[in-house]
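Report on the structure
What follows is each chain in one-letter form.
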Amino acid sequence: MSTALVGTERRPPQGVPAGADPAVELLERAAVQTVRARAGQRPRAGEPLEAAPREEQPVVSRAAADRLARILGGERPRVLAEWLRTAAGRGYRLAPHLLPELLDHAARDRSIRPHAGILAGRRGRWLAALNPAWDFLLEEVTAARPRPEVWELGTCGDRRAYLAALRAADPGAARELLAAAWEKETPEDRAAFLEVLGEGLSLDDEPFLEAALDDRRREVRHEAADLLTRLPDSRLGRRMAERVARRFAVARGKLEVDAPFECDAAMERDGIRAKPPRGTGERGWWLQQLVARTPLGVWGDLLGRPPRELVRTKIVDWEREVMAGWVRAAVLQGDPEWARELFASDPLADLLAVLPREEQETVAAGFVRRHGLDGQLIMVLGGAAAPWGPELARAVLHKILELSGTQPWNLGELTKLAGERVDPALYGLAERLSPEPPIQEVAALLRFRDDMLKELS
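So, a few notes on the structure that sits alongside this text. (Residues numbered from 1 in each chain as written. Predicted model: local features only at pLDDT ≥ 70, side-chain atom pairs only at ≥ 80, totals over all residues. Heavy atoms only, no water.)

**Looking at the overall build of the chain**
- Each helix and strand in the chain was counted, giving 27 helices and two strands.
- Taken over C-alpha atoms, the radius of gyration comes to 29 Å for the chain, far larger than the 23 Å a tight globule of 457 residues would show.
- Each principal axis of the C-alpha distribution contributes one length, and for the chain these read about 100 × 60 × 60 Å.
- Buried positions account for 44% of the 457 residues belonging to the chain. (Helix = DSSP H or I, 4+ residues; strand = E, 2+ residues; numbered from the N terminus. Rg over C-alpha atoms; globule rule 2.2 N^0.38 Å. Buried < 20%, exposed > 50% of the residue type's maximum accessible area, 1.4 Å probe, protein only.)

**Thoughts on the pairing of strand β2 (residues 254–257)**
- On β2, burial follows the alternation: Leu255 and Val257 on one face are buried, whereas Lys254 and Glu256 on the facing-out side are not.
- Direction of pairing for strand β1 (residues 248–251) relative to β2: antiparallel, over a ladder of four bridges. Considered in β2, the bridge of Ala249 is made with Glu256.
- Where β1 hands over to β2, the hairpin turn is made up of two residues, of which Arg252 adopts a positive phi near 55 degrees. (Pairing = 2+ DSSP bridges.)

**Here we look at unusual backbone geometry**
- Residue Pro387 is reached from Ala386 by a cis peptide bond, and omega for that bond is 0 degrees.
- Checked against the element boundaries, Pro387 lands in the loop between α23 (375–381) and α24 (390–404).
- Phi is positive for Arg76, which is not a glycine, with a value near 50 degrees.
- Turning to its location among the elements, Arg76 is positioned in the loop between α3 (62–72) and α4 (80–89).
- Relative accessible area serves as the criterion here: at 30%, Arg76 is assigned to the partly exposed category.
- With phi around 55 degrees, Arg252 is a residue other than glycine that occupies positive phi space.

**As for the packing of helix α9 (residues 156–169) against helix α10 (residues 171–181)**
- In the contact formed by α9 and α10, the axes pass within 5 Å of each other and the chain directions differ by 140 degrees. Residue-level inspection shows Tyr162, Leu163, Leu166, Arg167 and Ala169 of α9 in contact with α10, the latter providing Pro171, Ala173, Ala174, Arg175, Leu177 and Leu178. (Axes fitted to C-alpha atoms, helices over the stretch in contact; angles between N-to-C directions. Contact = heavy atoms within 4.5 Å.)

**Focus on α10**
- When we look at burial in α10, the residues that qualify are Gly172, Ala174, Arg175, Leu178 and Ala181.
- Looking at the buried positions of α10, the neighbouring elements they touch are α8 (150–153), α9, α11 (187–196) and α12 (206–212).

**Description of the environment of Ala425**
- With respect to the helices, strands and loops of the structure, Ala425 is situated in the loop between α25 (412–421) and α26 (427–433).
- As for Ala425 and Gly7, which are separated by 418 residues in sequence, their C-alpha atoms are 64 Å apart.

**Points about the pattern of salt bridges**
- Inspection of every chain in the model, using the stated rule, returns 33 salt bridges.
- Residues Glu455 and Arg67 are paired through a salt bridge, measuring 2.7 Å at the closest nitrogen-oxygen approach. Of this pair, Glu455 sits in helix α27 (residues 437–455) while Arg67 sits in helix α3; the two residues are 388 residues apart in sequence, bridging distant segments of the chain. (Salt bridge = Lys/Arg side-chain N within 4 Å of Asp/Glu carboxyl O.)

**Points about the side chain of Ser234**
- Turning to its location among the elements, Ser234 is positioned in the loop between α13 (218–229) and α14 (235–245).
- For Ser234, a relative accessible area of 0% gives the class buried.
- At 3.2 Å, the side chain of Ser234 and the backbone oxygen of Leu228 are in polar contact. (Polar contact = N/O pair within 3.5 Å; in protein donor to acceptor, adjacent residues only side chain to side chain.)

**Concerning the nonpolar core**
- Membership of the largest hydrophobic core comes to 92 residues, with the highest contact counts inside it found for Phe248, Trp299 and Trp326.
- Per-element tally for this core: the top contributor is α24, with seven residues.
- Sequence-distant contacts of Trp299, defined by excluding residues within four places in its chain, comprise Val244, Phe248, Val291, Thr294, Gly304, Arg305, Leu310, Trp326 and Trp338. (Core = buried A, V, L, I, M, F, W, Y, C linked by side-chain atoms within 4.5 Å.)

**Describing the packing of α9 against α11**
- For the pair α9 and α11, interaxial distance at closest approach is 9 Å and the crossing angle is 25 degrees. Classified by the angle their axes make, α9 and α11 are roughly parallel. Two packed elements cross with a definite hand, and for α9 against α11 that hand is right-handed. In this structure, α9 contributes Cys156, Arg159, Arg160, Leu163, Ala164 and Arg167 to the contact, and α11 contributes Asp189, Ala192, Phe193 and Val196.
- In the contact of α9 with α11, the residues fall into six nonpolar, no polar and four charged. (Parallel < 35°, antiparallel > 145°, perpendicular 65-115°, else oblique. Left-handed = near helix turned anticlockwise from the far one by under 90°. Nonpolar A, V, L, I, M, F, W, Y, C, P; charged D, E, K, R; others polar.)

**Description of the side chain of Glu321**
- Among the secondary structure elements, Glu321 is positioned in helix α19 (residues 319–333).
- Owing to a relative accessible area of 13%, Glu321 belongs among the buried residues under this scheme.
- The contact partners of Glu321, leaving out residues within four places of it in the chain, are Gly284, Leu287 and Gln288.

**Section: the environment of Phe343**
- Tracing the chain through its elements places Phe343 in helix α20 (residues 336–345).
- Along the backbone, Phe343 and Val363 are 20 residues apart, and their C-alpha atoms lie at a distance of 9.3 Å.
- If sequence neighbours within four positions are ignored, Phe343 has contacts with Leu348, Leu351, Leu352, Val363, Phe367 and Val380.

**Topic: a nonpolar patch on the surface**
- Taken together, Met1, Leu5 and Val6 make up a surface patch of nonpolar side chains, about 370 Å² in accessible area.
- Looking at the element boundaries, Met1 is found in the segment before α1 (2–6). (Patch = residues over 30% accessible without salt bridge, like charges linked within 9 Å, V, L, I, M, F, W, Y side chains within 5 Å. Areas by Shrake-Rupley, 256 points an atom, 1.4 Å probe, with all protein chains shown as cover.)

**Quick look at α19**
- Compared with the 21 Å implied by 1.5 Å per residue over 15 residues, the 21 Å span of α19 between its first and last C-alpha is a close match.
- For α19, the set of buried residues is Glu321, Val322, Met323, Gly325, Trp326, Val327, Ala329, Ala330 and Leu332.
- Looking one or two residues past α19, Gly334 carries a phi angle of roughly 60 degrees, positive in sign. (Expected span 1.5 Å × (residues − 1).)

**Re the packing of aromatic side chains**
- Within this structure, the stated rule accounts for six aromatic pairs.
- Taking 5.1 Å as the distance between ring centres and 80 degrees as the angle between the ring planes, the aromatic pair formed by Trp182 and Phe208 counts as edge-to-face. Highlighted residues: Trp182 in the loop between α10 and α11 and Phe208 in helix α12, separated in sequence by 26 residues.
- Here Trp182 falls in the buried class, since its relative accessible area comes to 9%.
- Owing to a relative accessible area of 15%, Phe208 belongs among the buried residues under this scheme.
- On the numbers, 5.7 Å between centres and 80 degrees between planes, the contact of Trp299 with Trp326 is edge-to-face. Highlighted residues: Trp299 in helix α17 (residues 297–303) and Trp326 in helix α19, separated in sequence by 27 residues.
- Trp326 gets classed as buried once you look at its relative accessible area, which sits at 0%. (Phe/Tyr/Trp six-rings, centres within 6.5 Å; stacked < 30°, edge-to-face > 60°.)

Laid out in structure tokens, this is it:
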């Protein structure tokens, strides 16, 4: 080490053979030491490992496994999530030789862990128990169709999956099951379990969610508030309506707003965060959240105007905060009417995602036809649910073709997005449209995905 620090000319390594280059000798010794450090272990007492348990899930086909190996190896890496999601949704497991590489990917990418939990099978959990780098797998769902006993004995992921399945079949039974175990759950699990109640949400859930507003953990309180915001007749909805009624009025054709001067304990209990993000003023931050948590049906009665007129009304002060609050409310409450009007004035991916599937395609296709290629176009398309049907596919492909002669250097992300989001069964549409390279690149990716999905069928 000292020789490396001061240089071989000033301090040659000891024991250098005659005629040998000191610098080369130093590097060779360092290389040997590196291998020893990586490979060497001190012997320790141990017990023979138990064999991995017998698998219960069917393994993917050889063709599907080979394609996954190519994807993991770098071929079309952006379709990895789709392969995993499809295979997990059909209850498959991976061939054992693919497990280490997939688990290494999942260790770096949290988004694929839920699918990896199913695909890894029982052998994957056996491996995860032996390797701390993979122990995240022990918290994920273990099967596409969890059994009732996992509620008592399963991992956190298994228990969430079981609760979700029960919620879909019997919302009341799922709520009662959660209520019975509520006090024993960790704060992290309570927040995750509350999220499950978003499926089949009704006023029957309101008393349980209202009580959850008093939870010690902020994440739990905010999840409960988000769910109650989707119930316009909830007590939280009525409290929010009373608050905004004192702060909004229409005068001389304009909307006048009085932002709150404080965030009291009652507001915080109802999900209003007191501390604003850096660079945001307190009053504007509180106002935005009040608007976002107010039932959207309140505004027509309060201000005497429908959403179409309200989003175009001049707001004297706090316009940015009010509009941001309405956007958040439309997304949180899943209101297509408000989302439609707000998207017309401020095209956002989150608003597009609120619209019904067929309307999404029509609105997105119209936006693509009249909008230039920029970051906003890419972001809006990200809100259109995949797979894209013929109308949106044609609009995007024609946009690519239109710009291939003027901005070929700028098409990379749009081309990739089209190849990943268009229904892969439409590869023929792209192949026939044009022989231009960008279009054929999309067609090649669509055909790759079509073959991939057929292998997983």
